[in-house]
Amino acid sequence: MTVETIERIKPEKVDYVSTTNACKACSPLGASVVFRGIEGAVPFLHGSQGCATYMRRYLISHYREPVDIASSALGEKHAIYGGGPNLKLGLINVMKKYGAEVIGVATTCLTETIGDDVPMILHEFRKEFGDLDLPTLVWVATPSYQGSHMEGFHAAVRAVCEQLPDPAVERHKGVNLLPGFVSPEDLRHLRDIFDDYGLAVTMLPDYSDTLDGPALEDYEKIPSGGTPVEAVRAMSGARATVELGAVLAGAEKTGGTALQENHGVNLHRLPMPIGLRNSDAFFAALDAISGRETPTRHVKERGRLLDAMVDGHKYISGKRAVVYGEEDLVAGLVAMLTEIGIQPVLVASGGNSGRLPAAIEEATDGILREPPKVMPGVDFYEIRNEAERLAPDLVIGNSKGYRMARDWSVPLVRVGFPVHDRFGAQRTMHLGYKGTLALFDRLVNAVIEKKQADSPLGWGYI
Ligand code: SF4
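In every chain, residue numbers begin from 1 and rise along the written sequence. Local features in this predicted model are restricted to residues whose pLDDT is 70 or higher, and side-chain atom pairs enter the listing and the counts only when it is 80 or higher, whereas totals over whole chains, interfaces and linings include all residues. The side-chain values count all of the structure's non-hydrogen atoms but skip hydrogen atoms and water molecules.

The name that an unreviewed UniProt entry assigns to the protein chain is Nitrogenase, with the source organism given as Oceanidesulfovibrio indonesiensis. UniProt positions are given in the numbering used here, feature names are shortened, and annotations may be inferred rather than shown by experiment. The Sequence similarities (unreviewed entry) comment attached to the protein chain in UniProt states, word for word, "Belongs to the NifD/NifK/NifE/NifN family."

Draft legend 1. Representation of the site of the ligand. Residues in contact with the ligand, as listed here, are Cys 26, Pro 28, Cys 51, Tyr 54, Met 55, Thr 108, Cys 109 and Ser 144. Counting from the N terminus, the helices are DSSP H or I runs at least four residues long and the strands are E runs at least two residues long. When residues of the shell around the ligand are assigned to their parent elements, the largest contribution, three residues, is made by helix α3 (residues 49–63). Following the grouping adopted for this structure description, the nonpolar residues are Ala, Val, Leu, Ile, Met, Phe, Trp, Tyr, Cys and Pro, the charged ones are Asp, Glu, Lys and Arg, and the polar ones are all others, Gly among them. By residue class, the composition of the shell around the ligand is six nonpolar, two polar and no charged. Here a residue is near a molecule or strand as soon as one of its heavy atoms is found within 4 Å of it.

Draft legend 2. Inspection of the pairing of strand β5 (residues 175–178) at higher detail. On β5, burial covers both faces: Val 175 and Leu 177 on one face and Asn 176 and Leu 178 on the other are all buried. By the convention used here, strands pair only if DSSP detects at least 2 bridges between them. Here β5 runs beside strand β6 (residues 201–203); their pairing, made up of three bridges, is parallel. Each bridged residue has a counterpart across the sheet, and for Val 175 the counterpart in β6 is Val 201. Looking down the strands as they point away from the viewer, one classifies a crossover as right-handed if the path from the first strand across the helix to the second runs clockwise. What joins β5 to β6 is helix α9 (residues 184–196), and the crossover it makes is right-handed. Buried, partly exposed and exposed residues are distinguished by accessible area as a fraction of the type maximum, computed with a 1.4 Å probe on protein chains only: under 20%, between the cut-offs, and over 50%, respectively.

Draft legend 3. Representation of the side chain of Asp 328 within the structure. Residue position: Asp 328 is located in helix α14 (residues 327–340). The charged-residue count follows a simple rule in which Lys and Arg add positive charge and Asp and Glu add negative charge, with His and chain termini not counted at all. The salt bridge definition used is simple: a Lys or Arg side-chain nitrogen within 4 Å of an Asp or Glu carboxyl oxygen. Arg 355 is the oppositely charged side chain nearest to the buried, salt-bridge-free Asp 328, at an N-O distance of 6.8 Å. Every residue in contact with Asp 328, bar those within four places of it in the chain, is listed here: His 154, Gly 245, Ala 246, Val 247, Leu 248 and Met 272. Contacts are assigned to residue pairs with any non-hydrogen atoms lying within 4.5 Å of each other.

Draft legend 4. Expanded view of the UniProt feature "domain: Nitrogenase/oxidoreductase component" (unreviewed entry) in the protein chain. Under the UniProt annotation, "domain: Nitrogenase/oxidoreductase component" (unreviewed entry) lies at residues 26–447. Between the C-alpha atoms that bound residues 26–447 there is a distance of 33 Å. The span itself is 46% helix and 13% strand.

Draft legend 5. Spatial organisation of the packing of aromatic side chains. Here a pair means two rings of Phe, Tyr or Trp (six-membered ring of Trp) with centres within 6.5 Å. Their orientation is stacked below 30 degrees between planes, edge-to-face above 60, and tilted elsewhere. Inspection of the entire model under this criterion finds 12 aromatic pairs. Residues Tyr 58 and Phe 417 carry aromatic rings whose centres are separated by 6.2 Å and whose planes lie at 55° to one another, so their mutual orientation is tilted. In this pair, Tyr 58 is assigned in helix α3 and Phe 417 in the loop between β13 (412–414) and α18 (432–454), connecting sequence segments 359 residues apart. Of the two residues examined, Tyr 58 and Phe 417, each falls in the buried class. Both rings, one in Tyr 63 and one in Tyr 207, keep their centres 6.4 Å apart while their planes meet at 70°; by these two values the pair is edge-to-face. Of the two residues, Tyr 63 sits in helix α3 while Tyr 207 sits in the loop between β6 and α10 (229–233), which places them 144 residues apart along the sequence.

Draft legend 6. Looking closely at the sheet that holds strand β8 (residues 267–270). Ordered in space as β6-β5-β7-β8, the four strands form an open sheet in which the pairing is parallel. Strand pairing shows two members of the sheet lacking a second neighbour, β6 and β8, which therefore form its edges. Sheet twist, expressed as the average angle between the axes of neighbouring strands with direction ignored, equals 20°. Sheet analysis places β5 next to strand β7 (residues 240–244), joined by four bridges and oriented parallel. Each bridged residue has a counterpart across the sheet, and for Asn 176 the counterpart in β7 is Thr 241. Only C-alpha atoms enter the line fits that serve as axes; for helices the fit covers just the stretch in contact. Angles between N-to-C directions range over 0 to 180 degrees.

Draft legend 7. View of the side chain of Asn 176. Tracing the sequence through the fold places Asn 176 in strand β5. Excluding residues within four positions of it along the chain, Asn 176 makes contact with Thr 202, Met 235, Ala 238, Ala 240, Thr 241, Val 242, Leu 259 and Val 265.

Draft legend 8. Inspection of the domain arrangement of the protein chain at higher detail. Assigned domains within the protein chain: domain 1 (27–149), domain 2 (175–290) and domain 3 (313–454). Domain segmentation is taken from an automatic or database assignment of domains. If you average the C-alpha positions of domain 1 and of domain 3, the two centres end up 34 Å apart. On the domain 3 side, the residues contacting the nine residues of domain 1 number 12 residues. Buried area, as used here, totals the accessible surface that two parts lose on assembly, with accessibility defined by a 1.4 Å probe and the loss added over both. When the two sides are added together, the surface that domain 1 and domain 3 hide from each other amounts to roughly 960 Å², 58% of it contributed by carbon and sulfur. Area buried by domain 1 at its contact with domain 3 is led by Tyr 58, His 62 and Arg 64, which between them contribute 60% of it. Along the contact surface separating domain 1 from domain 3 lie zero salt bridges. Identification of polar contacts relies on pairs of N or O atoms within 3.5 Å, with a donor-acceptor requirement for protein atoms, meaning one able to donate a hydrogen and the other able to accept it, and with residues adjacent in sequence counted only if both atoms are side-chain atoms. For the pair domain 1 and domain 3, the interface holds six residue pairs in polar contact (both at pLDDT 80 or more). It is α3 that contributes the most residues to the side of domain 1 that touches domain 3, five residues altogether. Split into classes, the residues belonging to the side of domain 1 that touches domain 3 amount to four nonpolar, four polar and one charged.

Draft legend 9. Local environment of the confidence of the model for the protein chain. Confidence scores labelled pLDDT are given residue by residue by the predictor and lie between 0 and 100. Chain-level pLDDT for the protein chain is 95 on average; 97% of the residues reach the 70-or-more range. Counting contacts from residues 1–8, a segment whose pLDDT is below 50, to residues more than four positions away or on other chains yields zero contacts.

Shown next, in the form of C-alpha cells:
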C-alpha cells in the first residue's frame with residue numbers, strides 16, 4: 001500500500017532541460033541599470049552578496065566604469081528567519097556611507113523564494129527611522145527565475161513610474177521618454193534629438209553619464225548625472241510619454257501605461273528606432289508631439305543613411321545572419337536587416353515574453369519572402385544547434401556568441417549586452433538615422449574584412 005502511494009505521487013516522466021550558457025543575464029541586474037540612471041541613487045539588492053558581485057562584474061566589464069551595487073548580504077540564517085533586519089541595516093549603511101538621495105531596492109531569487117515582504121519592511125523602516133533625513137525609497141520585485149535582465153529593467157522602470165510621480169503636479173510641456181536598454185551614446189543621441197525639436201525631455205533611466213562619465217581627479221561615490229528625482233515626480237504632468245520597444249509595446253503593464261492610467265499622460269508606443277522605417281515612425285511621432293517638422297539636421301542624416309544603403313548594398317545583399325539578444329533590440333535589428341537586403345535566418349533571445357514572434361512578423365511583413373525562424377527563451381546551446389545548419393554569413397549579437405562565430409569562421413558584429421571582449425560598448429550607436437548609419441557601416445565593414453581576410457590575393461581595393 002505504501003509503495004503504491006509513493007508510486008502514485010511520482011511524476012510519470014520528468015523532462016529536464018539544462019541551460020548551457022544562458023542568452024540573458026539575471027533580472028535584478030536590469031533593475032540595477034535603471035537605478036543607476038537616477039540622480040543620486042544607489043542600486044540595492046535584497047539578497048546575498050554573491051548576486052551583487054556577479055552583477056557588478058558584468059556591468060563593469062561592459063561599461064568600464066566603477067559600479068557599486070549595495071546588498072543586504074543575506075546568509076543561511078536569513079533564508080530561514082527572513083531578511084528584514086539586514087535590509088534595514090543595509091539601508092542605514094548606504095545612507096551613511098554614500099549619502100544616497102534615492103535607494104532602489106531590487107529583490108533576488110533568494111528573497112523572492114523566502115517570501116520577504118519588501119513593501120512592508122520599507123514601511124516599517126520609514127516608521128522606525130522617521131526622525132532621520134530618509135532618502136527616497138523605491139522597490140521592485142525581480143525574481144530572476146521569472147525573467148531576464150530585460151524583464152528586470154522594464155519592471156524597475158514601471159516601479160519608478162508607479163511609485164514616484166506626483167499626482168499633484170500640474171500639466172507642463174515636457175515629454176517623458178522611456179528609451180529601454182540602449183547604450184549611453186544612444187541616450188545622448190536621443191536627448192539631442194529632443195533638444196533639436198525644442199522638447200524638454202525627462203528620460204528614464206538616463207545613465208548616459210553615470211555609466212559613461214568623464215575621467216575625474218577624485219572618485220565620486222555616486223557618479224554625477226542621471227534623471228533628477230524632481231523630474232521623475234513631474235512625469236505625471238507631461239504632455240506625452242514616448243516608450244520604445246516593439247515587444248514592450250505589447251505588454252499590458254509598463255512604465256508608459258502606469259503614467260497613462262494613473263496620471264492621464266498620452267502614450268506613444270514605438271519600436272526602437274533602428275533602421276529606416278522604425279526611425280521614420282519615431283521622427284513622425286516627434287513631429288506630431290512637437291507640432292514641428294523634422295529638424296534639417298535629421299533630414300540630412302536620413303539622406304546620408306539612404307546614400308550609404310545604395311553604396312553599401314552590393315557588399316551585403318543576400319547575406320544570411322543569425323541575430324540574438326534582448327527581444328526589443330533583435331526586433332529592431334531585424335527590421336533594419338530586412339530593409340538593407342540581409343536575410344535574418346534565425347532570431348533568438350533569452351527573453352521569453354511571448355511577443356517576439358509577432359514583433360518579428362511585423363518587422364519583416366511585406367519585405368521578406370521567407371520569414372526567419374524565431375526562438376525565444378533559448379540558451380546558446382540551442383542557438384548553436386539550430387544556427388549551424390542554417391550556414392550564416394554573419395552573427396549579430398553580444399560577446400557571448402564569440403565561440404560559435406569563431407568556430408564557423410564568420411564575423412560577429414557586437415551589439416547589445418554584454419560586450420566584454422571589445423572596447424567602447426558604451427559608445428556604440430544604434431538608434432535613429434545616425435545610429436542606423438553607424439551600425440550599417442559596421443555590418444558592411446565586417447563583411448568586407450572577412451572577404452579580405454579569406455582572399456588568397458590579399459585585395460587592397462574592394
Ligand atoms: S540569478 Fe538569482 S541567484 Fe543568480 S545572481 Fe541573479 S538573483 Fe542572484
